[in-house]
Amino acid sequence: SEMCIRDRFYFESSEGHVIYMGKDKFENEVLLKWGWPEDVWFHVDDHSSAHIYLRLKNGETMDTISEQVVNECSQLTKANSIEGSKLKSVKIVYTPYLNLKKTNNMEVGQVGFHSEKQRRYITVEKDKDIIRAILKTKDERYPDLEQEKLKRDVQERKERAKEIQSKLQEEKELDRQRKEEKERRGYQGFFDEDLAVTNKDETNLEEDFM
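What counts, and where the lines are drawn
Residues numbered from 1 in each chain as written. Predicted model: local features only at pLDDT ≥ 70, side-chain atom pairs only at ≥ 80, totals over all residues. Heavy atoms only, no water. Core = buried A, V, L, I, M, F, W, Y, C linked by side-chain atoms within 4.5 Å. Buried < 20%, exposed > 50% of the residue type's maximum accessible area, 1.4 Å probe, protein only. Helix = DSSP H or I, 4+ residues; strand = E, 2+ residues; numbered from the N terminus. Contact = heavy atoms within 4.5 Å. Phe/Tyr/Trp six-rings, centres within 6.5 Å; stacked < 30°, edge-to-face > 60°. Axes fitted to C-alpha atoms, helices over the stretch in contact; angles between N-to-C directions. Parallel < 35°, antiparallel > 145°, perpendicular 65-115°, else oblique. Nonpolar A, V, L, I, M, F, W, Y, C, P; charged D, E, K, R; others polar. Pairing = 2+ DSSP bridges. Expected span 1.5 Å × (residues − 1). Polar contact = N/O pair within 3.5 Å; in protein donor to acceptor, adjacent residues only side chain to side chain.

Just give me the short version of the nonpolar core, but keep the residues and values in it.
Membership of the largest hydrophobic core comes to 22 residues, with the highest contact counts inside it found for F11, I19, V40, F42, I52, L54 and I65. Secondary-structure elements contributing two or more residues to this core are β1 (8-12), β2 (18-21), β3 (39-44), β4 (52-55), α2 (67-79) and β5 (89-96). Of the residues forming this core, the biggest block, 4 residues, is contributed by α2. Aside from chain neighbours lying at most four places away, what touches I52 is I19, Y20, M21, V40, W41, F42, C73, L76 and T77. Of all hydrophobic cores here, the second largest spans 14 residues; its members include Y10, Y53, L100 and F113.

Outline the packing of aromatic side chains, listing residues and values.
Geometry of an aromatic ring pair is reported as the spacing of the ring centres plus the angle between the planes. Scanning the entire structure with this criterion turns up 5 aromatic pairs. Taken together, a centroid distance of 5.7 Å and an interplanar angle of 70° make the contact between W41 and F113 edge-to-face. Remark: F113 occurs in strand β7 (residues 112-113) and W41 occurs in strand β3; sequence separation between them is 72 residues. The same class applies to W41 and to F113, which are both buried. What links up through ring pairs into an aromatic cluster is the set Y10, Y20, Y53 and Y97.

Account for the environment of E107, with residues named and values stated.
Along the chain, E107 falls in the loop between β6 (100-101) and β7. On the basis of relative accessible area, E107 is assigned to the exposed category, the value being 61%. As a C-alpha pair, E107 and K25 span 82 residues in sequence and 9.5 Å in three-dimensional space. Setting aside its immediate chain neighbours within four residues, E107 contacts E29 and K102.

Report on the packing of α2 against helix α3 (residues 128-135), specifying residues and quantitative values.
Relative to each other, α2 and α3 sit at 90°, their axes nearing to 9 Å. Between α2 and α3, the angle falls in the class roughly perpendicular. Residue-level contacts link Q68, N71, E72, Q75, L76 and A79 of α2 to I130, I131, I134 and L135 of α3. When its residues are assigned to classes, the contact of α2 with α3 shows 6 nonpolar, 3 polar and 1 charged.

Please provide a residue-by-residue account of the sheet that holds strand β8 (residues 120-125), values included.
The strand order across the open sheet formed by 7 strands is β8-β5-β3-β4-β2-β1-β9, and the pairing between neighbours is antiparallel. In this open sheet, the two strands that pair with only one neighbour each are β8 and β9 (139-141). If you compare each strand with its neighbour and ignore which way they point, the axes differ by 30° on average. The pairing of β3 with β5 spans 5 bridges and is classified as antiparallel. Paired with V44 across the bridge in β5 is I92. Sheet contacts for helix α1 (residues 25-34): β1, β2 and β4; angle to β1, the most-contacted strand, approximately 65°. Contacts from α2 reach β1, β2, β3, β4, β5 and β8, with the element oriented near 65° to β8.

Could you give an account of α2, naming the residues involved and the relevant values?
Taking 1.5 Å of rise per residue, 13 residues should cover 18 Å, and α2 covers 18 Å from first to last C-alpha, within 8% of that figure. Every buried residue of α2 is listed here: V69, V70, E72, C73, S74, Q75, L76, T77 and K78.

Give me the lowdown on the side chain of S81, citing residues and values where you can.
Mapping S81 onto the fold places it in the loop between α2 and β5. For S81, a relative accessible area of 2% corresponds to the buried category. Separated by 2.7 Å, the side chain of S81 and the backbone oxygen of S48 make a polar contact. Separated by 2.9 Å, the side chain of S81 and the backbone nitrogen of G84 make a polar contact. In contact with S81, not counting residues within four places along its chain, are V44, H47, S48 and S49.

Structure below.
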């Protein structure tokens, strides 16, 4: 839809992460709708600011992001706050995208949180070098967020199906190995029993000759 193809800004962290933001509160509203589960949301605490999103790489969590990347996103968030950019230091709040809560009675661009425990805070002062470096990666794009999200979900389902298939194969192989082991032990037990009977017979024969 038209709302999903509005332009937005993209950046890259020093470690190669995708960082993106909307141009205004209406754009923020669209981003809220089509964010990914692996996104982390940044905002200036207690002041209006752009909604900055960091897309985690495979295997990463919010608490394993490096200090450097957290600082880069926080600097970008501060710089894109009319009030925050003028202050010496600001507190930045960041949280997983899935922790964002949007209700019908909220204003455009406004969000709440499902869990306070999943919020993290960092206080930052302006760092011109970090801002300069990240602004060099700035790129304006016009993606269809809905289509991107659908593609991502399809890919996730494929990977999950692949994992399930792989797990089933492993279980099948384990069952086969257990069955073989059971048969081997059963055969071994039968062989040992047979041997014991033979030895007993031989002992009886020896006694008969004595």
